[in-house]
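Residues per chain, in single letters:
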Amino acid sequence: MARGTKQKLKLLYLLRIMMEQTDETHGLTIDEALEELNKFGVTAQRKSIYKDFEALTEYGFTIKKLRKVHAVSYYLSSRKFDIREMQYLVEAIRGCRFLSEDHAHRMIEKFEGEVGAYAMELIDRQVKVVNRVREGGERVLDTLGGVHAAIEGDRKLVFRYFSWGPDGRPVARYDGAAVTVSPWAVILHNENYYMLAFPENDTILKTYRIDKMEIVGSEPGPRLGAEVYATVDPVEYLNRSVNMFHGVQETVTLVCDNEISNVIFDLWPDTKPHKVDEDHFRVKVDVYVSDQFFARLCGLGGHVRIKAPNDIRKQFIEFLKGTIHNQRIRRKSSGQTAPEGNVETT
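Here is a short report on the structure shown in this document. Note that the structure is a prediction, hence the values are computed from the model and not measured. (Residues numbered from 1 in each chain as written. Predicted model: local features only at pLDDT ≥ 70, side-chain atom pairs only at ≥ 80, totals over all residues. Heavy atoms only, no water.)

Some words on the packing of helix α2 (residues 10–21) against helix α4 (residues 46–59)
Then comes step 1: α4 packs onto α2 with a crossing angle of 80 degrees between their chain directions and a minimal axis gap of 11 Å. Relative to α4, the element α2 lies roughly perpendicular. Listed contacts from α4 to K10, L11, L14, L15 and M18 of α2 are S48, I49, D52, F53, A55 and L56. (Axes fitted to C-alpha atoms, helices over the stretch in contact; angles between N-to-C directions. Helix = DSSP H or I, 4+ residues; strand = E, 2+ residues; numbered from the N terminus. Parallel < 35°, antiparallel > 145°, perpendicular 65-115°, else oblique. Contact = heavy atoms within 4.5 Å.)

Below, the structure written as structure tokens:
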């Protein structure tokens, strides 16, 4: 870049320097600012820096004085993000399981100009992410971009879908055949991206894990299912279908011990409790009744029971009987002795 051109960019270079190198505890004197400009091949007079500060202030930036014992320095106090907001962003990027270490590092480096190098160094020391699993990386992000492009372009999406085999490797579903769907939404849930879409010639909205997809291509729209999707709350639908998997949707009444109230309201945050007695409360929850729903109830131990509907309660009892029966068979086949006992059905 020609030296004259760099002189024309002096104000932009100065703003960059102030953004990256100053904050409310670190300032630059006029001489230090001149020295930093010189590193970019820009020469200037002291009085021109004062005029540049005035121009930046007039534009909307706030330049403040930071008085030291022997000198006065200046810092940029107006930021898009404060240090707490930037901590949240850095935590989210570092905690994203679909970003490689290098990709996350490159993204975080771009934030340095937003809060300054000193604040980023502090955030780097404070923000630690434990046991983050890197899965899919760039492939997942590419798939995510393809899904968004299909939605924005009102196009159908063609992809292959996979499950995880017992060896932890992906296994093609539908005999490896490609699936054509009409995608309508992408939702991030429990660190996984899900696509909500209508399969071809199907009016039932389904969920697909984006990290289990391999996009083959797309087809011209219009997408199908617009009328049905207009009646659906996508976030509520995903919460119900993913949290409790698929099954028949029912309103189930649960009687719970007070000590698991925190767990119950984490699972169903919008439900309203009704006091049963000093030790129990009752809730009505909308769930997809399935083995996975029953398994979750088992995970709550003896602290919850199904009050109604009675047929769902009976299904739960049969589920428990079947689980115990299968465990006995497995123990016998391995030469172990299973304890006797019955499932209480009252």
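Some points on a positive patch on the surface
Then comes step 1: Together, R282, K284, R305 and K307 give the surface a local cluster of positive charge.
Then comes step 2: Breaking the positive patch down by element, the ones donating at least two residues are β11 (280–289) and β12 (304–308).
Then comes step 3: With respect to the helices, strands and loops of the structure, K307 is situated in strand β12. (Patch = residues over 30% accessible without salt bridge, like charges linked within 9 Å, V, L, I, M, F, W, Y side chains within 5 Å. Areas by Shrake-Rupley, 256 points an atom, 1.4 Å probe, with all protein chains shown as cover. Salt bridge = Lys/Arg side-chain N within 4 Å of Asp/Glu carboxyl O. Lys, Arg positive; Asp, Glu negative; His and termini not counted. Charge placed at Lys NZ, Arg CZ, Asp CG, Glu CD.)

Concerning the sheet that holds β12
Then comes step 1: One open sheet holds the 4 strands; their spatial order is β10-β11-β9-β12, and the pairing between them is antiparallel. Looking at strand neighbours, the two that pair on one side only are β10 (274–275) and β12, the edges of this open sheet.
Then comes step 2: By the bridge criterion, 4 bridges tie strand β9 (residues 248–257) to β12 in an arrangement that is antiparallel. Counterpart to V255 in the pairing with β12 is R305.
Then comes step 3: On top of the sheet, helix α13 (residues 291–299) reaches β9, β11 and β12; it is set at about 155 degrees to β11, its chief contact. (Pairing = 2+ DSSP bridges.)

What to know about the pattern of salt bridges
Then comes step 1: Counted by the stated rule, this structure contains 11 salt bridges.
Then comes step 2: Between D31 and R46 there is a salt bridge, with the nearest N and O atoms lying 2.6 Å from each other. Remark: R46 occurs in helix α4 and D31 occurs in helix α3 (residues 30–39); sequence separation between them is 15 residues.
Then comes step 3: Under the relative-accessibility criterion, D31 is labelled partly exposed at 47%.
Then comes step 4: Judged by relative accessible area, R46 falls into the partly exposed class, the value being 39%. (Buried < 20%, exposed > 50% of the residue type's maximum accessible area, 1.4 Å probe, protein only.)

Points about the packing of aromatic side chains
Then comes step 1: Under the definition given, this model contains 12 aromatic pairs.
Then comes step 2: Where Y13 meets F40, the ring centres are 4.7 Å apart and the plane angle is 25 degrees; that geometry is what we call stacked. Residue Y13 is found in helix α2, and its partner F40 is found in the loop between α3 and α4; the two are separated by 27 residues along the sequence.
Then comes step 3: A residue is classified by how much of its surface remains accessible, and F40, at 24% relative accessible area, is partly exposed.
Then comes step 4: Taking NZ or CZ as reference, R223 lies 3.8 Å from the ring centre of W184, over its face. (Phe/Tyr/Trp six-rings, centres within 6.5 Å; stacked < 30°, edge-to-face > 60°. Lys NZ or Arg CZ within 6 Å of the ring centre and 35° of its normal.)

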